[in-house]
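Geometric and topological summary
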Amino acid sequence: MAILNPADLAFNGEEIKALSEGIMEDVYAKPAMTEFLTIYTGIKAKKQIAFLGILSGLVGQKHDTSSCSPIENDAAIENTEKFWEPAYIDDRFSECFDNLLETFFVYGLKNGVQKGDLTNTDFALFFVERYQDAIAEMFHRLVWFGDTAADDTAGGGIFVTAGFVAKRWDAFDGIWKQLFAIVATTPARKTTDLTTKNAQSTFALQAFNSTDTTNRVVTNTLQNLVFNSDFRLRDKADKIIIVTQSVADQYVRELEAGANNGLSVAFEYIQDGVMVIKRMGVTIYAYSFWDRMIQGYQRTAASELNYYLPHRALLTTKANIAFGTEEEGTLSEVDVFVDKKDKKTYFDFGANLDAKVLQDYLVQVAY
């Protein structure tokens, strides 16, 4: 299938003649792959992750004078395990040189019999750059929103049915699917302050309003994330909170409504796609990618009139949410080659990938 449609741009021989003369459409800003996540490399196949537990029960008791020997304690150490189970993700695009003859890319084609070889041309450089951005989007999409049960049947899941393709989502269960499973097993890991707003039946009713600002809904949510968390997480100096952009924006509204406290109220950009603010000693990250995926692809199964949990927050540590791959470089590598027989140039991508919430007790979520 051709990458370009020549009809998109008029060509009369005297239009732009080089890629540098065009205006590039901005891509969506995204944080680096390792901004919130810890990378594990060398993950080629199923691999054990072992968690060595603590000694359960109490130690130390008054000596029983009826015996010279201490009474044996029946407390034990319980070890647990998870497994890396990487999926191989791949994709391919192809382009034929004759599809470029009526575009400005013709000026960058090779001459003579080499014209069919698009490697190292302006077109190839342009497409690889756009391809690598799409791969980065894929990484964030699968790591956070992957769902092996993703379904494209009507009413069959939380994904939009129109144009939905299950194989773009179902390689492995992402972080959010794992967080939902943790809450199902241990309900205390969920802070419920956002539940009522998320459960509203329309997009308009799900949006935060002045009543939410007065009631300090997000302020209470973020405080309770910390207050309700397991003490082992609460005591971590490196804990972070990641929130949807909707939650971050509402937090600013609530802080500005009480701005006479003299505290700064604005999030600050630390890099493209990463906004932060610090409260209660915790760095809070606004992650607009979550909003884009939820608003673009996820609805409540019974209806497409509302989003599926549009307001979310996660308290954890960077070390506790991880992704595994063979090597980091494969996540952006594009193999560009020409088939001399069919005169097509191919653009291939492939990498192993999996995501894991490591320690279940080191998360506290609100949604």
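1. Notes on the overall build of the protein chain
Counting its regular elements, the protein chain contains nine helices and 14 strands. Within the protein chain, the fraction of its 367 residues that count as buried is 43%. For the protein chain, contacts bridging at least 24 residues in sequence account for 77% of all contacts bridging at least 6. Carbon and sulfur atoms make up 52% of the accessible area of the protein chain, which amounts to about 19,500 Å² in all.

2. As for the pairing of strand S10 (residues 313–317)
The buried count for S10 comes to five of five residues, which makes it a mostly enclosed element. Residues Ala313, Leu315 and Thr317 of S10 are buried on one face, and the alternating residues Leu314 and Thr316, pointing to the opposite face, are buried as well. Here strand S6 (residues 239–243) pairs with S10 via five bridges, running antiparallel. In the sheet register, isoleucine 242 faces S10, and the bridge partner there is leucine 314.

3. Regarding the environment of valine 363
Along the chain, valine 363 falls in the loop between strand S13 (344–357) and strand S14 (364–366). Between the C-alpha atoms of valine 363 and arginine 232, which are 131 residues apart in sequence, the distance is 10.0 Å. With residues up to four places along the chain from it excluded, the contact list for valine 363 reads Leu179, Ile182, Arg189, Leu233, Leu314, Leu315, Thr316, Asn320 and Val357.

4. Examining helix H6 (residues 217–228)
The end-to-end C-alpha separation of H6 is 16 Å, in line with the 16 Å expected for twelve residues at 1.5 Å each. Those residues of H6 lying buried are Val217, Val218, Thr219, Thr221, Leu222, Leu225 and Val226.

5. Quick word on helix H1 (residues 122–145)
For H1, spanning 24 residues, the distance from its first C-alpha to its last is 34 Å, which sits close to the expected 34 Å at 1.5 Å a residue. In terms of burial, H1 is largely enclosed, as 17 of its 24 residues are buried.

6. Comments concerning the sheet that holds S14
What holds strands together in a sheet is hydrogen bonding between their backbones, with the strands either parallel or antiparallel. Within the open sheet, the seven strands sit side by side as S5-S14-S10-S6-S9-S8-S7. Their pairing is mixed. Because the sheet does not close on itself, it has two edges, and the strands there are strand S5 (190–191) and strand S7 (268–271). Taken together, the three bridges between S10 and S14 define a ladder with antiparallel strand orientation. Bridging across to S14, alanine 313 finds its partner in alanine 366. Helix-sheet contacts for helix H8 (residues 245–257) involve S6, strand S8 (274–279) and strand S9 (282–286), and the interaxial angle to S8 is about 45 degrees.

7. As for the packing of aromatic side chains
Considering all chains together, one arrives at 25 aromatic pairs under this definition. Aromatic side chains phenylalanine 36 and tyrosine 285 sit 5.0 Å apart centroid to centroid with 75 degrees between the ring planes, which places their arrangement in the edge-to-face category. One end of the pair, phenylalanine 36, is in the segment before strand S1 (38–40); the other, tyrosine 285, is in strand S9, with 249 residues separating them in the sequence. A relative accessible area of 2% means that phenylalanine 36 is categorised as buried. Taking the centre distance of 6.2 Å and the plane angle of 75 degrees together, the rings of phenylalanine 123 and phenylalanine 347 count as edge-to-face. A residue pair is termed long-range when its members are at least 10 positions apart, and phenylalanine 123 in helix H1 and phenylalanine 347 in strand S13 qualify at 224 residues. Grouping residues by exposure puts phenylalanine 123 and phenylalanine 347 together as buried. Following the ring pairs from residue to residue traces out a cluster consisting of Phe36, Trp144, Trp176, Phe180, Tyr285, Tyr287, Phe289, Trp290, Tyr308 and Tyr367. Just above the ring of tryptophan 169 sits the side chain of arginine 141; from NZ or CZ to the centre is 5.5 Å. Above the plane of the ring of tryptophan 176 lies arginine 312, whose end atom (NZ or CZ) is 4.9 Å from the centre.

8. As for the packing of H1 against helix H9 (residues 288–297)
It is the contact of H1 with H9, at a shortest axis distance of 11 Å, that shows an interaxial angle of 80 degrees. Classified by the angle their axes make, H1 and H9 are roughly perpendicular. For the pair H1 and H9, contact is made by Glu137, His140, Arg141, Trp144 and Phe145 and by Phe289, Trp290, Arg292, Met293 and Ile294, respectively. Residues belonging to the contact of H1 with H9 are distributed by class as follows: six nonpolar, one polar and three charged.

9. Quick word on the environment of glutamate 327
Take glutamate 327: it is sitting in the loop between strand S11 (321–324) and strand S12 (335–339). Owing to a relative accessible area of 48%, glutamate 327 belongs among the partly exposed residues under this scheme. C-alpha of glutamate 327 to C-alpha of alanine 351: the two residues are 24 residues apart in sequence and 8.6 Å apart in space.

10. Here we look at the pattern of salt bridges
Following the criterion strictly, the structure yields eleven salt bridges and no others. Note that lysine 177 is salt-bridged to aspartate 173, the shortest N-O span being 3.4 Å. Linked by salt bridges that have partners in common, Asp147, Asp173 and Lys177 make up one network.

11. Observations regarding a nonpolar patch on the surface
Together, Leu55, Val59 and Ile77 make up a nonpolar patch on the protein surface, roughly 300 Å² of accessible area in all. When you line up the elements, isoleucine 77 lands in the loop between strand S2 (47–51) and strand S3 (80–84).

12. Looking at the side chain of glutamine 178
Structurally, glutamine 178 is set in helix H2 (residues 175–185). A polar contact is formed between the side chain of glutamine 178 and the backbone nitrogen of valine 357, at a distance of 2.8 Å. In contact with glutamine 178, not counting residues within four places along its chain, are Asp173, Ala355, Lys356 and Val357.

Rules behind the numbers
Residues numbered from 1 in each chain as written. Predicted model: local features only at pLDDT ≥ 70, side-chain atom pairs only at ≥ 80, totals over all residues. Heavy atoms only, no water. Helix = DSSP H or I, 4+ residues; strand = E, 2+ residues; numbered from the N terminus. Buried < 20%, exposed > 50% of the residue type's maximum accessible area, 1.4 Å probe, protein only. Contact = heavy atoms within 4.5 Å. Areas by Shrake-Rupley, 256 points an atom, 1.4 Å probe, with all protein chains shown as cover. Pairing = 2+ DSSP bridges. Expected span 1.5 Å × (residues − 1). Axes fitted to C-alpha atoms, helices over the stretch in contact; angles between N-to-C directions. Phe/Tyr/Trp six-rings, centres within 6.5 Å; stacked < 30°, edge-to-face > 60°. Lys NZ or Arg CZ within 6 Å of the ring centre and 35° of its normal. Parallel < 35°, antiparallel > 145°, perpendicular 65-115°, else oblique. Nonpolar A, V, L, I, M, F, W, Y, C, P; charged D, E, K, R; others polar. Salt bridge = Lys/Arg side-chain N within 4 Å of Asp/Glu carboxyl O. Patch = residues over 30% accessible without salt bridge, like charges linked within 9 Å, V, L, I, M, F, W, Y side chains within 5 Å. Polar contact = N/O pair within 3.5 Å; in protein donor to acceptor, adjacent residues only side chain to side chain.

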